[in-house]
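A look at the structure
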Amino acid sequence: MPVASLSGSGAVPAPLTCAVVDDELLPRLAVVKALRQHPGLRCVGQFESLEALKETLELLPDVLLLDIGIGQANGLEYFKALPEPPLTVFITSHPEFAVESFEAAAFDYIVKPLTDERFARVAARLLDHQLLRHKAALYELHVGAEFISIREGHRTSRVLVQDIVYLEALDNYTRIHTAQRRYLTLANLRDLCEQLPAARFLRIHRTYAVAVAKVSQLAGSSVVVDGWELPVGRTYRAQVAEALL
C-alpha cells in the first residue's frame, strides 16, 4: 500500500512524560534505560507498586509502562478501571493477557525480556502518535458543498471534495487523502462522513471511507481506490458490494 509523507507545520511537540511500574528491580531499570535512548520520551518516575505511583504522581503521565503482575495488584485491571487512561504499554512475562489488553485499548504489549529493538518500535509508534496529535491540533475544518476548508496554523487550504480519494480514521481525528497530499482534521471519521455528500462517499471499514467515483476494483476483502488498496471490513462487505456492483 503506498505511503505518502505527512505534510504540515508547527513546532516539535514536547516530550511525552512516562512512568514505569514493575515490582522487579532489574526489569524496571531495563525499561528506564530504554527510555533514555529516546529523547522524545521523558521518564518522570519508576515505581515498584501502583500505590507508590499514586502517592508520588499527582497526575498520571502521558505514557504508562506497566507490568501485569505487580505484587498482589493487577496492572491490567488498574488500567481498565481508569476513567481516562494515558497511553499504556504493558511489559510483562504473561503473553496470555495480550488479547484482553488490546481489547481494553492498550497502546502496545511487550513480552519480557525487553529488547532494544522491540522497545524502539514502541517508541517510534508513541512519538508518531504524539506528532500526529500535535499536527491535528493545528487544523480547523469547515465542510462546504464542494470544498473543505482546513486551517493549519496561519494557513488555510481549500480541498475540493472531488479531489478526496479516501478518509482514514486515526484515533479521534481523520486523515484526508488526496492525490496530491494528506491533511489532518480534528473531526472523527463518522462525523466527517456525515458532513460529506452521502452518495459520493462510502464507509468500507471502521478505519476507512472512500470516494465511490475513485474505486477501480472490488475484490471481496479489499478495494482499489486511485491505486491504493484498502481493506473492506467484514461488517461492511454487503453494503460495499451493493454500492459498487
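The preceding data block contains the structure.
Here's a quick rundown of the structure. Positions within a chain are numbered from 1, following the residues in the order the chain's sequence is written. Reporting of local features is limited, given that this is a predicted model, to residues whose pLDDT is at least 70; pairs of side-chain atoms are given and counted only at 80 or more, and all residues count toward the totals for whole chains, interfaces and linings. As a rule here, side-chain values cover all heavy atoms of the structure and leave hydrogens and water aside.

1. Brief notes about the overall build of the chain
- A tally of regular secondary structure across the chain gives seven helices and 18 strands.
- Put simply, 51% of the contacts in the chain that link residues at least 6 apart link residues at least 24 apart.
- Surface exposure here means Shrake-Rupley accessible area, sampled with a 1.4 Å probe, where a residue is shielded only by the protein chains that are shown. Carbon and sulfur atoms make up 52% of the accessible area of the chain, which totals about 13200 Å². Think of it this way: any DSSP run of H or I at least four residues long counts as a helix, any run of E at least two long counts as a strand, and we number them from the N terminus. Contacts are residue-level and defined by heavy atoms, with any inter-residue pair within 4.5 Å sufficient.

2. A few points about the layout of surface pockets
- Only protein atoms enter the 1 Å grid used here. Points where a 1.4 Å probe fits but cannot escape make up a cavity, open sets with protein on both sides within 12 Å along at least five of seven lines make up a pocket, and a residue lines them when an atom lies within 4 Å of a point. Grid points are joined across faces, edges and corners, and a volume is the space filled by probe spheres set on the points. The calculated volume of the largest pocket comes to roughly 800 Å³.
- Elements with a minimum of two residues in the lining of the largest pocket: strand 6 (87-92), helix 5 (116-136) and strand 11 (164-170).
- When residues in the lining of the largest pocket are grouped by element, the largest group, six residues, is from helix 5.
- Polar here means any residue other than Ala, Val, Leu, Ile, Met, Phe, Trp, Tyr, Cys and Pro, which are nonpolar, and Asp, Glu, Lys and Arg, which are charged; Gly is therefore polar. Grouping the amino acids of the lining of the largest pocket by side-chain chemistry returns 13 nonpolar, five polar and six charged.

3. Points about the side chain of D67
- Counting through the fold element by element, D67 comes out in the loop between strand 3 (63-66) and strand 4 (69-70).
- Three labels apply to residues, based on accessible area from a 1.4 Å probe with only protein chains included: buried if under 20% of the type maximum, exposed if over 50%, partly exposed otherwise in between. Given the relative accessible area of 4%, D67 is considered buried.
- A polar contact is formed between the side chain of D67 and the side chain of T92, at a distance of 3.2 Å.
- For the purposes of these results, a polar contact is taken to be a pair of N or O atoms within 3.5 Å, where, inside protein, one atom must be able to donate a hydrogen and its partner to accept one; residues adjacent in sequence count only when each atom of the pair is a side-chain atom. A polar side-chain atom of D67 sits 3.4 Å from a polar atom in the side chain of K112.
- In this structure, D67 is in contact with V21, D22, D23, G75, F90, I91, T92, S93 and K112, ignoring residues within four places of it in sequence.

4. A few points about the sheet that holds strand 15 (residues 208-211)
- Any two strands with at least two DSSP-identified bridges between them are counted as paired. Overall, antiparallel pairing links the five strands, which are arranged 13-12-11-15-14 in an open sheet. The sheet is open, and its two edges are formed by strand 13 (182-185) and strand 14 (201-203), each paired on a single side. Direction aside, the axes of adjacent strands within the sheet are offset by 20 degrees on average.
- Sheet analysis places strand 12 (residues 173-178) next to strand 13, joined by four bridges and oriented antiparallel. Paired with I176 across the strands is Y183, a residue of strand 13. Lines fitted to the C-alpha atoms define the axes, with helices restricted to the stretch that makes contact. Angles between their N-to-C directions range from 0 to 180 degrees.

5. What to know about unusual backbone geometry
- Across the junction of K112 and P113, the peptide omega takes the value 5 degrees, indicating a cis bond.
- With respect to the secondary-structure elements, P113 resides in the loop between strand 7 (108-111) and helix 5.
- Phi angles above zero are rare outside glycine, and A105 is one such case at about 75 degrees.
- Looking at the secondary structure, you find A105 in the loop between helix 4 (98-103) and strand 7.

6. Observations regarding the state of the cysteines
- Counting rule for disulfides: a pair of cysteine sulfur atoms within 2.5 Å. The full count for this structure, using the stated rule, is zero disulfides.
- In this structure C18 is a free cysteine whose sulfur lies 7.1 Å from that of C43, the closest cysteine sulfur available.
- Since its relative accessible area comes to 0%, C18 is described here as buried.

7. A closer look at the sheet that holds strand 3
- Reading across from one edge, 2-1-3-6-7 is the order of the five strands in this open sheet, with parallel pairing throughout. Looking at strand neighbours, the two that pair on one side only are strand 2 (41-47) and strand 7, the edges of this open sheet. Neighbour-to-neighbour, the strand axes of the sheet open up by a mean angle of 20 degrees, direction not taken into account.
- As paired elements, strand 3 and strand 6 share four bridges and run parallel to each other. Pairing of V63 across the sheet is with L87, part of strand 6.
- Each of strand 1 (16-21), strand 2, strand 3 and strand 6 is contacted by helix 1 (residues 25-36), which is oriented at about 165 degrees to strand 2, the strand it contacts most.

8. Thoughts on the pattern of salt bridges
- Each salt bridge in this description consists of a side-chain nitrogen of Lys or Arg and a carboxyl oxygen of Asp or Glu lying within 4 Å of one another. Tallied over the full model, the rule gives ten salt bridges.
- Note that K80 and E77 form a salt bridge whose closest N and O atoms lie 3.7 Å from each other. Taken together, the residues K80 and E77, both in helix 3 (residues 75-81) and three residues apart, mark about one turn of the helix.
- E146 is paired through a salt bridge with R200; the nearest N and O atoms lie 3.8 Å apart. Of the two residues, E146 sits in the loop between strand 8 (139-143) and strand 9 (147-152) while R200 sits in the loop between helix 6 (189-195) and strand 14, which places them 54 residues apart along the sequence.
- For R200, a relative accessible area of 31% puts it in the partly exposed group.
- Three or more residues joined by partner-sharing salt bridges are found here, namely D22, E24, D67 and K112.

Any functional reading would require information beyond the geometric quantities listed.
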